[in-house]
Amino acid sequence: MTVLGIESSCDETAAAVVREGDEVLSSVIYSQVPLHRPYGGVVPEIASRSHIEKIRGIVAQALADAFPGEPDPWARIDAIAATCGPGLAASLLVGWTAAKGLALALGKPLLPVNHMHAHLWSVRLDHPERRTEALYPQLGLAVSGGHTCFVDCPEPNRFRLMGQTIDDAAGEAFDKAAKLLGLGYPGGPVIDRMAKAWRNGPLREKPLVVFPQGKVAPDHPLPEGLRPELCVSFSGLKTALLTHVRKTPPQGEDEVAHLCASYQEAIVAALAKRAEAALGGGRYRSFAVGGGVSLNGRLREALDRVAERHGVRLLTAEPRYCGDNAAMIAGLASAGGALPCDDPLALDIDPSLPV
């Protein structure tokens with residue numbers, strides 16, 4: 001199948017054309033970061049309005065890039081796929097409604113896709129050698145600005161949630177720390193850069209500040225099927241940073257970099273420990289990590305070591321597919337991973353759609 005995918009779950013307006021699950025013919029993304037930077041985070045009203053303004057042009061560009069010179073590129077599309085959840089309600093509505101309209105107008109099948117499933121699929125984009133089922137059972141970690149979850153994938157297109165954050169996502173924790181330290185938005189990349197600067201700076205021998213790693217108590221009430229040792233809480237980490245800054249305000253860029261390294265280490269260690277626990281049973285053959293936070297260099301190093309210790313292959317997405325993008329939506333749909341639904345045209349968005 002050749003599928004046109006549309007993604008608008010948060011603040012990226014994206015469209016892509018993908019064939020047979022991993023062959024990306026085009027991928028176009030309009031990022032709204034400059035629109036939200038003054039507010040230190042995504043403003044839903046601004047996001048949805050921008051999606052409305054940009055989505056038509058983004059879809060047209062994706063078709064033109066996929067089939068240059070083609071007089072009727074729509075004839076090459078077998079189906080229309082779009083994110084139906086989870087995400088921001090007003091943002092999701094724009095992309096899902098656009099996909100419905102296209103499917104109706106063109107007489108093409110409409111394929112609803114779970115955004116979190118697609119993040120885990122992103123590791124296969126542009127990697128046809130990863131089509132093999134020898135990579136399964138697979139452990140998945142989707143780690144982004146809005147989500148942090150560990151997923152059991154016994155075979156392709158089957159997903160079962162095992163652990164997740166009970167409050168802030170890892171990406172959100174980075175954003176809030178960057179805002180607190182006056183580093184701007186988005187927070188993940190700048191904190192990663194500052195942490196690297198600390199490792200090469202004059203304070204590199206100074207011990208890191210020990211921040212909490214978000215342990216969830218064994219008796220904490222969780223949805224059925226979730227394991228406490230695979231769940232994490234980042235709200236306490238954010239509070240700990242705030243308390244530290246109030247008691248000991250950083251003096252100069254070097255001390256800010258030291259705090260960034262300490263804070264990042266707590267998040268990385270929390271995720272690595274949970275990956276260690278999930279891989280401990282020895283049943284997995286690979287470990288797929290997707291989402292914007294998977295670009296963090298320190299996290300990749302730590303997860304690579306964990307995977308090596310357990311003899312599994314670590315699979316990460318190409319950098320251009322780590323953040324929100326439509327190629328992962330179209331890719332998963334074209335490989336048969338759309339959500340089962342008798343009447344997709346009657347389906348509504350679900351901002352809280354679970355794995």
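This one's a predicted model, so the numbers in the text were calculated from it and none came from an experiment. (Residues numbered from 1 in each chain as written. Predicted model: local features only at pLDDT ≥ 70, side-chain atom pairs only at ≥ 80, totals over all residues. Heavy atoms only, no water.)

(A) Representation of the overall build of the protein chain in the model. Counting its secondary structure elements, the protein chain contains 10 helices and 10 strands. At 20 Å, the protein chain has a C-alpha radius of gyration in line with the 20 Å of a compact globule built from 355 residues. Summarising its shape, the C-alpha atoms of the protein chain cover approximately 65 × 45 × 40 Å along the three principal directions. Relative to its 355 residues, the protein chain shows a buried fraction of 51%. Taking the average location of the 35 positive side-chain charges in the protein chain and that of its 40 negative ones, the two points are 5 Å from each other. (Helix = DSSP H or I, 4+ residues; strand = E, 2+ residues; numbered from the N terminus. Rg over C-alpha atoms; globule rule 2.2 N^0.38 Å. Buried < 20%, exposed > 50% of the residue type's maximum accessible area, 1.4 Å probe, protein only. Lys, Arg positive; Asp, Glu negative; His and termini not counted. Charge placed at Lys NZ, Arg CZ, Asp CG, Glu CD.)

(B) Inspection of the packing of helix α7 (residues 235–247) against helix α8 (residues 253–279) at higher detail. Running from N to C, α7 and α8 point in directions that differ by 160°, and their axes come no closer than 11 Å. Looking at the two axes, α7 sits roughly antiparallel to α8. Between α7 and α8 the crossing geometry is right-handed. Contacts from Leu237, Lys238, Leu241, His244 and Val245 in α7 reach Leu259, Tyr263, Ala266 and Ile267 in α8. Along the lines of polarity and charge, the residues of the contact of α7 with α8 split into seven nonpolar, one polar and one charged. (Axes fitted to C-alpha atoms, helices over the stretch in contact; angles between N-to-C directions. Parallel < 35°, antiparallel > 145°, perpendicular 65-115°, else oblique. Left-handed = near helix turned anticlockwise from the far one by under 90°. Contact = heavy atoms within 4.5 Å. Nonpolar A, V, L, I, M, F, W, Y, C, P; charged D, E, K, R; others polar.)

(C) Layout of the sheet that holds strand β9 (residues 286–290). Here five strands make up an open sheet; going across it, the order is β8-β7-β6-β9-β10 and the pairing mixed. Of all strands in the sheet, those with a lone pairing partner are β8 (160–164) and β10 (313–316), marking the two edges. Sheet twist, expressed as the average angle between the axes of neighbouring strands with direction ignored, equals 20°. Pairing of strand β7 (residues 148–153) with β8, which is carried by four bridges, proceeds in the antiparallel orientation. Its bridge partner lying in β8, Val151 is registered against Leu161. Each of β6 (138–143), β9 and β10 is contacted by helix α9 (residues 297–309), which is oriented at about 150° to β10, the strand it contacts most. (Pairing = 2+ DSSP bridges.)

(D) Fine view of the sheet that holds strand β2 (residues 12–19). The strand order β3-β2-β1-β4-β5 describes an open sheet built from five strands, whose pairing is mixed. The sheet is open, and its two edges are formed by β3 (23–31) and β5 (110–114), each paired on a single side. Ignoring strand direction, the axes of neighbouring strands in this sheet form an average angle of 20°. In terms of strand pairing, strand β4 (residues 79–85) meets β5 through five bridges, oriented parallel.

(E) How the structure looks around α7. The terminal C-alpha atoms of α7, which comprises 13 residues, lie 19 Å apart, in line with the 18 Å expected from a rise of 1.5 Å per residue. Looking only at α7, the buried set comprises Leu237, Leu241 and Val245. Angular distribution of buried residues about the axis of α7 spans 70°; they occupy a single face of the element. With respect to the buried face of α7, the exposed residues turned more than 90 degrees away are Arg246 and Lys247. (Expected span 1.5 Å × (residues − 1). Arc of directions from axis to C-beta.)

(F) Broad picture of the nonpolar core. If you look at the biggest cluster of nonpolar residues, it comprises 49 residues, and the most contacted ones within it are Leu139, Val143, Phe234, Tyr263, Ile267, Phe287 and Leu303. Listed by contribution, the elements that provide at least two residues to this core are β6, α5 (170–180), α6 (187–199), α7, α8, β9 and α9. The next biggest cluster of nonpolar side chains, apart from the first, holds 38 residues, and it includes Ala81, Met116, Leu125 and Ala333. (Core = buried A, V, L, I, M, F, W, Y, C linked by side-chain atoms within 4.5 Å.)

(G) Just the pattern of salt bridges, in detail. Applying the stated rule across the entire model yields 15 salt bridges. Among the ionic pairs, Arg76 bridges to Glu70, the shortest N-O distance being 3.0 Å. Judged by relative accessible area, Arg76 falls into the partly exposed class, the value being 36%. A salt bridge links Arg298 to Glu265; its shortest N-O distance comes to 2.9 Å. Placement of the pair is Arg298 in helix α9 and Glu265 in helix α8, with a sequence separation of 33 residues. Look at Glu265 and you get partly exposed, because its relative accessible area is 23%. Beyond isolated ion pairs, a larger network of salt bridges with shared partners links Asp152, Arg160 and Arg283. (Salt bridge = Lys/Arg side-chain N within 4 Å of Asp/Glu carboxyl O.)

(H) Local environment of the packing of aromatic side chains. Here the structure, examined in full by the defined rule, presents two aromatic pairs. Ring geometry for Phe174 versus Tyr263: centroids 6.5 Å apart, planes at 65°, classification edge-to-face. Of the two residues, Phe174 sits in helix α5 while Tyr263 sits in helix α8, which places them 89 residues apart along the sequence. Overall, the relative accessible area of 2% leaves Phe174 in the buried class. Here the aromatic cluster, defined as three or more aromatic residues joined through ring pairs, consists of Phe174, Phe211 and Tyr263. When the ring centre of Tyr30 is taken as reference, the NZ or CZ atom of Lys54 above it lies at 4.8 Å. (Phe/Tyr/Trp six-rings, centres within 6.5 Å; stacked < 30°, edge-to-face > 60°. Lys NZ or Arg CZ within 6 Å of the ring centre and 35° of its normal.)

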